[in-house]
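Spelled out, the chains give:
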Amino acid sequence: MTTPDAGKPGRDRRDADEAGGRRGSPGPRDAGTTASRDGRMPLPDAAALRARVVVRRRDFTVDVALDATPGETIAVMGRSGAGKSTLLTALAGLTPLDKGEIAVDAHVLDRAPRLRTAPMHRGIVLLSQDARLFPHLTARENVAFGPRSAGVPASMARADADDWLRRVGLPDTGERRPAQLSGGEQQRVAVARALAAQPRVVLLDEPLVALDAVTASEIRSMLRDRLAGVTTIAVTHDAVDAAALADRLLIVERGRVTQDGPVPEVLAAPATEVAAKIAGVERLVGAAQRGDFVREGLRLTSTDAASLALASTEGRALAAVFRAADARLGEGATATVSHLEPTPTGVRVVMDSGVAEVPAAEAAALRPGDTVRWSVPPDRVRFVAAS
Ligand SMILES: Nc1ncnc2c1ncn2[C@@H]1O[C@H](COP(=O)(O)OP(=O)(O)OP(=O)(O)O)[C@@H](O)[C@H]1O
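Looking at an unreviewed UniProt entry, the chain carries the name ATP-binding cassette domain-containing protein, with the source organism given as Microbacterium galbum.

Novice: I tried to follow the overall build of the chain on my own but got confused; where do I start?
Specialist: Helices and strands together make up the secondary structure of the chain, namely eleven helices and 19 strands. Counting contacts in the chain only where the partners sit at least 6 residues apart, residues at least 24 apart contribute 65% of the total. Within the structure as shown, the chain displays about 17,600 Å² of accessible surface, and the carbon and sulfur contribution to it stands at 50%.

Novice: What exactly am I supposed to notice about the site of the ligand here?
Specialist: Taken together, Arg-57, Phe-60, Arg-79, Ser-80, Gly-81, Ala-82, Gly-83, Lys-84, Ser-85, Thr-86 and His-237 make up all the residues around the ligand. Note that an oxygen atom of the ligand is positioned 3.0 Å from one of the backbone N or O atoms of Ala-82. Contacts to the ligand include Ser-85, whose backbone N or O atom sits 2.7 Å from an oxygen atom. Coverage of the ligand by the protein chains reaches 61% of its 630 Å² of free accessible surface. Tallied by class, residues from the shell around the ligand come to two nonpolar, six polar and three charged.

Novice: Help me understand helix α3 (residues 139–149) in this model?
Specialist: An α-helical turn contains 3.6 residues, so a residue and the one three or four places further along point in the same direction. Here α3 has its buried residues at Ala-139, Arg-140, Asn-142, Val-143, Ala-144, Gly-146 and Pro-147. Elements that come into contact with the buried residues of α3 comprise α4 (154–167) and α5 (183–196). Gly-151, located one to two residues past α3, shows a positive phi value of around 95 degrees.

Novice: Please clarify how the packing of α3 against α4 should be interpreted in this entry.
Specialist: What describes two packed helices is the angle between their axes and the distance between those same axes. Two elements in contact, α3 and α4, have axes whose closest approach is 8 Å; the angle formed by their N-to-C orientations is 125 degrees. With respect to α4, the axis of α3 lies oblique. Crossing of α3 over α4 shows right-handed handedness. Judged by residue contacts, Ala-139, Arg-140, Val-143, Ala-144, Pro-147 and Arg-148 of α3 engage Ala-154, Ala-157, Arg-158, Ala-161, Asp-162, Trp-164 and Leu-165 from α4. Among the residues forming the contact of α3 with α4, the class breakdown is nine nonpolar, no polar and four charged.

Novice: Is there a simple way to think about the nonpolar core in this case?
Specialist: Looking at soluble globular proteins, one finds that nonpolar side chains tend to be buried together. In this structure, Val-143, Val-189, Val-191, Val-202, Leu-204, Leu-223 and Leu-227 are the most contacted members of the largest nonpolar core, which totals 35 residues. Contributing elements (two or more residues each) for this core: β6 (124–128), α3, α4, α5, β7 (201–205) and α6 (213–226). For this core, the element with the most residues is α5, which contributes seven residues. With sequence-adjacent residues up to four places away left out, Leu-204 is seen in contact with Leu-88, Leu-127, Leu-223, Leu-227, Thr-232, Ile-233, Ala-234, Val-235 and Leu-245. Membership of the second largest hydrophobic core comes to 29 residues, among which are Ala-68, Leu-87, Ala-92 and Ile-124.

Novice: Could you clarify how one ought to interpret the packing of aromatic side chains in this entry?
Specialist: By the definition in use, this model includes three aromatic pairs. Between Phe-134 and Phe-145 the ring centres are 4.7 Å apart and the planes differ by 55 degrees, which places this aromatic pair in the tilted class. Separated by eleven residues along the polypeptide, Phe-134 in the loop between β6 and α3 and Phe-145 in helix α3 bring together distant segments of the chain. With relative accessibility at 30%, the residue Phe-134 sits in the partly exposed group. Between Phe-322 and Trp-374, the ring centres sit 5.9 Å apart and the planes meet at 45 degrees, which makes this aromatic pair tilted. Placement of the pair is Phe-322 in strand β14 (residues 317–322) and Trp-374 in strand β18 (residues 371–375), with a sequence separation of 52 residues.

Novice: Please explain the environment of Ile-278 as it appears in this structure.
Specialist: Position of Ile-278 relative to the elements: it lies in helix α9 (residues 273–279). With relative accessibility at 18%, the residue Ile-278 sits in the buried group. Taking C-alpha positions, Ile-278 is 7.7 Å from Leu-267, a pair spaced eleven residues apart along the chain. Apart from residues no more than four positions distant in its own chain, Ile-278 is found in contact with Met-77, Gly-78, Ala-239, Ile-251 and Leu-267.

Novice: Can you walk me through unusual backbone geometry in this structure?
Specialist: Among all residues except glycine, the phi angle is most often negative; among peptide bonds, the trans geometry is most common. With an omega of 5 degrees, the peptide bond between Ala-112 and Pro-113 qualifies as cis. In this fold, Pro-113 is placed in the loop between β5 (107–111) and β6. Of note in the backbone geometry, Glu-206 takes a positive phi value of approximately 45 degrees without being a glycine. Note on placement: Glu-206 falls in the loop between β7 and α6.

Novice: So what exactly am I meant to see when it comes to the side chain of Asp-205 here?
Specialist: As for its position among the elements, Asp-205 is in strand β7. Buried and unpaired, Asp-205 has no salt bridge, with Lys-84 as the nearest side chain of opposite charge at 7.3 Å. Within the structure, the side chain of Asp-205 is placed 3.1 Å from the side chain of Ser-85, a separation counted as a polar contact. Once residues lying within four places of it in the same chain are set aside, the contact partners of Asp-205 are Ser-85, Leu-88, Leu-126, Leu-127, Ser-128, Gln-129 and Val-235.

Novice: I keep staring at the sheet that holds β5 and nothing clicks. Help me out?
Specialist: By way of backbone hydrogen bonds, the strands of a sheet pair with one another, either parallel or antiparallel. With respect to topology, four strands assemble into an open sheet ordered β2-β1-β4-β5, the strand pairing being antiparallel. Two strands bound the open sheet, and with one partner strand each, they are β2 (61–68) and β5. Here the average twist between neighbouring strands, direction ignored, is 20 degrees. Bridge analysis of strand β1 (residues 49–56) against strand β4 (residues 99–104) gives six bridges, and the strand direction is antiparallel. Within β4, the residue paired with Leu-49 across the bridge is Val-104. The sheet strands contacting helix α2 (residues 84–91) are β1, β2, β4 and β5, and the helix crosses β1 at an angle near 120 degrees.

The rules behind these values
Residues numbered from 1 in each chain as written. Predicted model: local features only at pLDDT ≥ 70, side-chain atom pairs only at ≥ 80, totals over all residues. Heavy atoms only, no water. Helix = DSSP H or I, 4+ residues; strand = E, 2+ residues; numbered from the N terminus. Contact = heavy atoms within 4.5 Å. Areas by Shrake-Rupley, 256 points an atom, 1.4 Å probe, with all protein chains shown as cover. Near = heavy atom within 4 Å. Polar contact = N/O pair within 3.5 Å; in protein donor to acceptor, adjacent residues only side chain to side chain. Nonpolar A, V, L, I, M, F, W, Y, C, P; charged D, E, K, R; others polar. Buried < 20%, exposed > 50% of the residue type's maximum accessible area, 1.4 Å probe, protein only. Axes fitted to C-alpha atoms, helices over the stretch in contact; angles between N-to-C directions. Parallel < 35°, antiparallel > 145°, perpendicular 65-115°, else oblique. Left-handed = near helix turned anticlockwise from the far one by under 90°. Core = buried A, V, L, I, M, F, W, Y, C linked by side-chain atoms within 4.5 Å. Phe/Tyr/Trp six-rings, centres within 6.5 Å; stacked < 30°, edge-to-face > 60°. Lys, Arg positive; Asp, Glu negative; His and termini not counted. Salt bridge = Lys/Arg side-chain N within 4 Å of Asp/Glu carboxyl O. Pairing = 2+ DSSP bridges.

Take a look at the structure:
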């Protein structure tokens, strides 16, 4: 697994320092016993997370190695049931490892089969789609709960909670109980509560999935700001989240990592069908022939230098990657229309040899079974190695 440079200290530090005097700490959750100069609890320094998580499930084994540099955000994506939540619950100490080890910096939390650190003593918080606030406590009390349990004096914990509520955009909600808050507001309180607990690692399990698009976008941008510099593993089904929040993207399929790399690279050159679906691009598998990609009657040319280099090895297995919206009907390979799917911007024409997304007017006369011709402009096609 590759581990790129941490890469974002600039945006991290300034904001984190402003957020409450982030400074060094002795280890997970021991942090926070030293108050900063303004009397508030400091956040601990960003931590490295190193893990090999092996958990046996009914149909397959989740076996994922993870190596997050301090302050790095890694997005984890994959189909439903691939093992993403299992990975997060194992990191959070809620699912025991069958094999492997989890360490934050040099501190080994779990080592199967014997060593196991309780969830509240790991310095790792898990934020899921359900805010799970204590219903009988006010927003302020919810946020102050972790620090209070860790022995922080009440007045300091309350002031810190108000600070966090302000930072997540809820300056005047301290007195309200969860039932008096919208879903989006509850999720903001949950973020404030998670961060007030001074985690060294934050785990996000689709925290935006239950929210409407506008609220999700607001909270996504708030998370990006507030989690800057905090080591984060974010499970999401949304490539927009991955692109907005993460440095690296891990694709998990049936419990294994099938691709790992910087987010734009994985989205631009998906190595598998699942990764292509996630990236919202089409991926056709064929072979190199005289510098082109061929697959049955289809021939695609690319102007991309890396693609041309790959296609120069005659017979090499290649995947052609393109956006359906870039494909054109009218000339090129002959294909049969399988079905038509309306999209917000037009119609997806699914053919036996590929897909094109065209304006509704262009597809108005088309029916399943029709013969069409289609192609993708060479400057819109990229070839990636296929196995
Ligand atoms: N507590 C459990 N005990 C046994 N098997 C489980 C348990 N939780 C999940 N599984 C199984 O483990 C596999 C992985 O599930 P997991 O919830 O980790 O997937 P996921 O990628 O998070 O899916 P989704 O995106 O739908 O949340 C699935 O086959 C699931 O049925």
